[in-house]
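Topology and contacts: notes
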Amino acid sequence: EPEVTQTPSHQVTQMGQEVILRCVPISNHLYFYWYRQILGQKVEFLVSFYNNEISEKSEIFDDQFSVERPDGSNFTLKIRSTKLEDSAMYFCASRLSGTSGTEQYFGPGTRLTVT
Amino acid sequence: ILNVEQSPQSLHVQEGDSTNFTCSFPSSNFYALHWYRWETAKSPEALFVMTLNGDEKKKGRISATLNTKEGYSYLYIKGSQPEDSATYLCASYDGSSNTGKLIFGQGTTLQVKP
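Let us look at the structure shown here. (Residues numbered from 1 in each chain as written. Chains lettered and ligands numbered in written order. Predicted model: local features only at pLDDT ≥ 70, side-chain atom pairs only at ≥ 80, totals over all residues. Heavy atoms only, no water.)

**Remarks on the nonpolar core**
Counting 23 residues, the largest nonpolar core has W35, F48, L75 and Y88 of chain B as the members making the most contacts within it. If you list the elements that add at least two residues to this core, you get β2 (10–14), β3 (19–24), β4 (33–38), β5 (45–50), β7 (62–67), β8 (72–77), β9 (86–93) and β11 (108–113) of chain B. Judged by nonpolar contacts, the second largest core, of 22 residues, contains V19, F32, F75 and C92 of chain A. (Core = buried A, V, L, I, M, F, W, Y, C linked by side-chain atoms within 4.5 Å. Buried < 20%, exposed > 50% of the residue type's maximum accessible area, 1.4 Å probe, protein only. Helix = DSSP H or I, 4+ residues; strand = E, 2+ residues; numbered from the N terminus.)

Structural data, given as structure tokens:
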């Protein structure tokens, strides 16, 4: 069964460093997302991506964040200069179509720890 | 702002017990409700997508109902097994932006003791 994959599973970085989190969505899906969950809090939306551009971003997704789909298969989230408060589990998700009843498939997450 | 709430936060049951938990969401401008089952170190697994008031869906021993007029959904597990131990997340489709983003509740963590 097709699945969303994410690498690495765990990333430890120092404050101020750049990190790139990688995702491979399901191959025929068209809509892509990043979410995150800070420990003890709700899963929260970061950004959606469709047709090679950002379709929506949350208030969290400031200039330190960027997303790319460089080669038609990978979908990356870059944090330019990490802060302690960026420590969280980051989930990538994808879905096939734009209707509200379409399932959204999630990867297993990357746990980012900023020290 | 769309707010989704789940209760209880955690639940401990014995093997064989049936259990249920609640997801509450705004009833106005409802589009769809998603249920996920999430085990640590694994991908959240899509259980159900529910769109119609009165919907009832079933997958093995797990079932869900939807009441869009009053803004809640129940998830039921019949005859809980230790392998049902997981966090159950619900999420409402935010139709205000039409980008497909989901707004999540805080989850209900279920522990089933053998």
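The discussion continues.
**Looking at the environment of N51 of chain A**
Residues and elements named next belong to chain A. Within the fold, N51 resides in the loop between β5 (43–50) and β6 (53–57). According to the relative accessible area criterion, N51 is exposed, its value standing at 60%. Measuring from C-alpha to C-alpha, the distance between N51 and L30 comes to 7.3 Å, with 21 residues separating the pair along the chain.

**Things to note about the state of the cysteines**
All names here are of chain A. Applying the stated criterion to the full structure yields 2 disulfides over all chains. Note on cysteine connectivity: C23 is disulfide-linked to C92, with sulfurs 1.9 Å apart. Judged by the sign of its S-S torsion, about -60 degrees, the cystine formed by C23 and C92 is left-handed. Of this pair, C23 sits in strand β3 (residues 19–24) while C92 is found in strand β9 (residues 88–95), placing the two residues 69 residues apart along the sequence. (Disulfide = S-S within 2.5 Å.)

**Some details on the pairing of β11 of chain B**
Residue and element names in this part refer to chain B. Only one face of β11 is buried: it carries T108, L110 and V112, and the other face, with T109, Q111 and K113, is open. Judged from the 5 bridges that link them, β2 and β11 form a sheet pairing that is parallel. For H12, the partnering residue across the bridge sits in β11 and is Q111. In terms of strand pairing, β9 meets β11 through 3 bridges, oriented antiparallel. Note on β11: the bridge partner recorded for A86 is L110. (Pairing = 2+ DSSP bridges.)

**Quick look at the pairing of β6 of chain A**
Residue and element names in this part refer to chain A. Of the pairings in the sheet, the one linking β5 to β6 comprises 4 bridges and is antiparallel in character. Within the sheet, the bridge partner assigned to S48 lies in β6 and is E56. Hairpin connection of β5 to β6: 2 residues between the antiparallel strands, including N51 at a positive phi of 55 degrees.

**Overview of the side chain of D55 of chain B**
Residue and element names in this part refer to chain B. Residue position: D55 is located in the loop between β5 and β6 (56–59). For the buried D55, no salt bridge is present, and the opposite-charge side chain at shortest range is K57, 4.6 Å distant. For D55, the contacting residues outside a window of four places in its chain are M50, A64, T65 and L66. (Lys, Arg positive; Asp, Glu negative; His and termini not counted. Salt bridge = Lys/Arg side-chain N within 4 Å of Asp/Glu carboxyl O. Contact = heavy atoms within 4.5 Å.)

**A few points about the sheet that holds β7 of chain B**
Residues and elements named next belong to chain B. Taken in spatial order, the 5 strands line up as β1-β3-β8-β7-β6 in an open sheet, and their pairing is antiparallel. A single partner strand is all that each edge strand has here, and the edge strands are β1 (5–7) and β6. Looking at each pair of strands side by side, their axes are set apart by 15 degrees on average, direction ignored. Across 4 bridges, β6 lies against β7 in antiparallel orientation. Counted as the bridge partner of K59 is I62 from β7. (Axes fitted to C-alpha atoms, helices over the stretch in contact; angles between N-to-C directions.)

**A look at the packing of aromatic side chains**
With the rule as written, the count across this model stands at 19 aromatic pairs over all chains. Residues F106 of chain A and Y36 of chain B carry aromatic rings whose centres are separated by 5.2 Å and whose planes lie at 80 degrees to one another, so their mutual orientation is edge-to-face. Here F106 of chain A is found in strand β10 (residues 105–106), whereas its partner Y36 of chain B is found in strand β4 on a different chain. With relative accessibility at 5%, the residue F106 of chain A sits in the buried group. Linked through ring pairs, Y33, Y35, F45, F91 and F106 of chain A together with Y36, W38 and F104 of chain B together constitute an aromatic cluster. (Phe/Tyr/Trp six-rings, centres within 6.5 Å; stacked < 30°, edge-to-face > 60°.)

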